[in-house]
Amino acid sequence: MLSTHRWPEQGWAMLQLVLVAALSRAEPEGLVVCRRRGGPEYPQLAKDGDIILGGIFSFHSSWQNRELNYTQSPPPLQCTSLNFRAFQYTQAMLFAIEEINNSTSLLPGVSLGYKIYDSCGSIARGVRVALALANGNQETTTEGSGCSRPAQVQAIIGEDTSSPSMATSTVLGPFRIPMISHFATCGCLSDKVKYPSFFRTIPSDHYQSRALAQLVKHFGWTWVGAIRTNDDYGNNGMATFIETAEQLGICLEYSVAFFRTDPEEKLHRVIENIKTSKSKVIVAFLSFVDLDLLVNQFARHNLTGYQWVGSEGWIIDSYIARVEAHHVLNGAIGLSIAKAHVTGLGEFILDVRPLNSAGIDSSMFTEFWEALFDCRFRQGERSESETGQSQRECTGRENLSGLQNVFTDLSLMAIFNNVYKGVLAVAHALHNVWGCGETCGNKHFCSNCNKSWILKHIKNVRFKTKEGEEVYFNENGDVTAKYDIINWQPKEDGSVEFVTVGLYDASLPADRQLTINNSSLVWTQNAKLVPVSVCSESCPPGTRKAVQKGKPVCCYDCIQCAEGEISNNTDSVTCDQCHPEFWTNKKRDMCEKKEIEFLSYEEVMGVLLTAVSLLGTCMTSIVAFIFFRYKKTPIVRANNSELSFLLLFSLTLCFLCSLTFIGRPSEWSCMLRHTAFGITFVLCISCVLGKTVVVLMAFRATLPGSNVMKWFGPPQQRLTVVSFTFVQALICTLWLVLAPPFPIKNLTTYKEKIILECDVGSAIGFWAVLGYIGLLSLLCFVLAFLARKLPDNFNETKFITFSMLIFCAVWITFIPAYVSSPGKFTVAVEIFIFAILASSFGLLFCIFAPKCYIILMKPEKNTKKMMMGKMSTKSA
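All values derive from a computational prediction rather than experimental measurement.

Rules of the game
Residues numbered from 1 in each chain as written. Predicted model: local features only at pLDDT ≥ 70, side-chain atom pairs only at ≥ 80, totals over all residues. Heavy atoms only, no water. Disulfide = S-S within 2.5 Å. Helix = DSSP H or I, 4+ residues; strand = E, 2+ residues; numbered from the N terminus. Buried < 20%, exposed > 50% of the residue type's maximum accessible area, 1.4 Å probe, protein only. Pairing = 2+ DSSP bridges. Axes fitted to C-alpha atoms, helices over the stretch in contact; angles between N-to-C directions.

1. Regarding the state of the cysteines
Tallying each qualifying case throughout the model produces ten disulfides. The disulfide that involves C561 links it to C575, with 2.0 Å between the sulfurs. Between C561 and C575, the S-S dihedral sits near -80°, and the bridge is therefore left-handed. You can see C561 sitting in the loop between β23 (556–560) and β24 (565–566) and its partner C575 sitting in the loop between β24 and β25 (576–577), a full 14 residues away along the chain. For C575, a relative accessible area of 14% corresponds to the buried category. Between the sulfur of C670 and that of C758 lies a disulfide, 1.8 Å long from S to S. Judged by the torsion about the S-S bond (-75°), the C670/C758 disulfide is left-handed. Of this pair, C670 sits in helix α18 (residues 667–701) while C758 sits in strand β30 (residues 753–759), and the two are 88 residues apart along the sequence. For C670, a relative accessible area of 0% puts it in the buried group. Distance from the sulfur of C654, which forms no disulfide, to the nearest cysteine sulfur (C684) is 4.8 Å.

Here it is as structure tokens:
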């Protein structure tokens, strides 16, 4: 975590070449003396054994800056800031080794020893002590030209953080020495090409970063800020978080980085960035050391009310929870390694006295003891006069009863368990390499065994701890990712309780990985409601998001959906088109079924048209009854009673056929309405045409020598009517067979309603029917017009002419009105019915009203004498 950039591969290769050159020096007589450049590195804790394991921990978290003049060798690194966590990790390693040495089933008869070094949190020192573990400090003389010799350790446990682990594993990789870290989480370390011998017992940040993004998404925070430690841990972890956040629709208002050794001005710039931001959620990918500095700055500037989302680097760290400004973090939520329990480990860690006999460096143990119990041993270099401090004297008999500090806090038991599992993994691999049964045979067999064998067996190791936890590594040297979701909940005494409120398990399907108990959460400033952190308020149903120009996708305007489109979810990106048979409501959040329109019997116009149609039918029936009642009278007989009755029958059908245009269209009604109309009207016009021809022929028959009536008697009249009607019936039959009318739903004319109408099927068929009616009507009109000056008493052609004039006028008016209302089914149908009724009433009144008037009101004129007398007068 102490490096801001990865070391280039070329740099490490050059380092190795320099080390090889430094370790060898040619001597006379074919001997090679191998020695390391610079002073030797001695472990802080060491113990002999049949097999030696290495350990690298940061017993100190920092060091004093040195002035380098580049004219002499740099002085040794002066480590500062004792780190109690490293002592806890060391105790966990010693606990595992002691357990294995006492086991009769795991490496029986074999004793494990150890060499544990302090890296001081320095990458350079970490690499140096790793080489010391690989090669040792002894000067050796060998024959030949190389300095190769077996590694001093079979595997290394450590380091604590990502950047040192990257550097160290890069150096150890060519030697195939396995390195198992308990706390290095950078996803980059899963690259087996760059780090072939690296393993870890803590989940990769590849999973943690995605889990944090899902956590932020779960609470609806789409506008957040991000702060990271400026090292490989923070930079790589935050890069993965940002990538996942973008996929989930989360935007970062700012993303800043700093490191604990940065100038104070840089930290001030970070604070200013946060002050000017609008987001209320901060995702912090930080180590607890860096967060300590940041929290103090927040308290100094009185920055409160922010909801913190934390990584495992600090979310359950008791040190941060005890700092004076910890209230800034109250309500924080984040991920921690899943809780663990190892029987006896807690007690072993707190039993510090055996450390003094565990091969620990005396000066370090003294420093540890003094820091642990806040006392000073009476030694020359630590006298009060030199330290300037008045502290109680250490007796060496102090105990941890009632003591509360970082060392006595066992909240990181999950990390201690990682150290424990790492040692067990090496032991199981050695057990398999050695082929141990009840005993392991030659105790020195594996001292010189090929490191590739151990590396291979660690990759394939799979075992269960005494607590039943299964341990194995995947192809990237990682373990299965499981995290507890932790919530910082303040207690009445001002302290903080780390409450587990959920779980993240990367091994489950994506929709089940995150489980949270929302009801038990406490938020920043002890709020009970989820904080809101968005760039723009949510768009309600009925609207869609439109990204503001030049801003992230989380900053948008809410635009109402267009007509015919809806959004029934909050924050819809698009509006969905309604089904053609549906239309939007006023809020544009629901598609409602369109109103269906057709001319029905229930509506006013339908009732009126039906009434008029039935009235016409009744009036025609009355006229027929009158004609039947007075069928033997001269006026009925003189006007061709047979054609008159047939005409009345056809008029009745014309009135009734208008009813087929009312009601919901169906297949049969669509076919019936047009064919019935066409045939009945042709029958009607044929009768009128027949009556007109009869009048003309009758007048011609009165002329001397004329026998024209012989050629147009009743049989010929019937044949004429049947022939004209048959032609129309033939046209309708062809129409129905080839392309019959059918019902359709007109969805285009009106957006908000559906028009039910009959498609004519074939426009040619439809206009052929109308054209044939028009042709007969025109012929009838012309003949009636020519016969208009015949004798009055016998002449009904004037009435036929007038009726045909009305008929043609109605239908000539109908055609442009009908064509100009496409799709407006109700209007078009009403026009059609009006035309039918108007023309029918025109024929009924013009032809039969005058005769009914004479029959009923002027019976004295209904005599043969009157009929013949008038005609004779006109003839003379």
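2. Thoughts on the sheet that holds β30
As summarised here, the arrangement of the three strands in space is β28-β30-β29, forming an open sheet in which the pairing is mixed. Two strands close off the open sheet at either side, each with one partner strand: β28 (595–597) and β29 (742–746). Each strand axis lies, on average, 25° off the axis of its neighbour in the sheet, ignoring direction. When β28 meets β30, the two strands line up parallel, connected through three bridges. Paired with E595 across the two strands is K753, which belongs to β30.

3. Topic: the sheet that holds strand β7 (residues 112–118)
Strand order in this open sheet of six strands is β3-β7-β4-β9-β10-β11, and the pairing throughout is mixed. In this open sheet, the two edge strands, each paired with only one partner strand, are β3 (45–47) and β11 (198–200). Here strand β10 (residues 179–181) pairs with β11 via three bridges, running parallel. Across the sheet, residue M179 finds its bridge partner in β11, namely F198.

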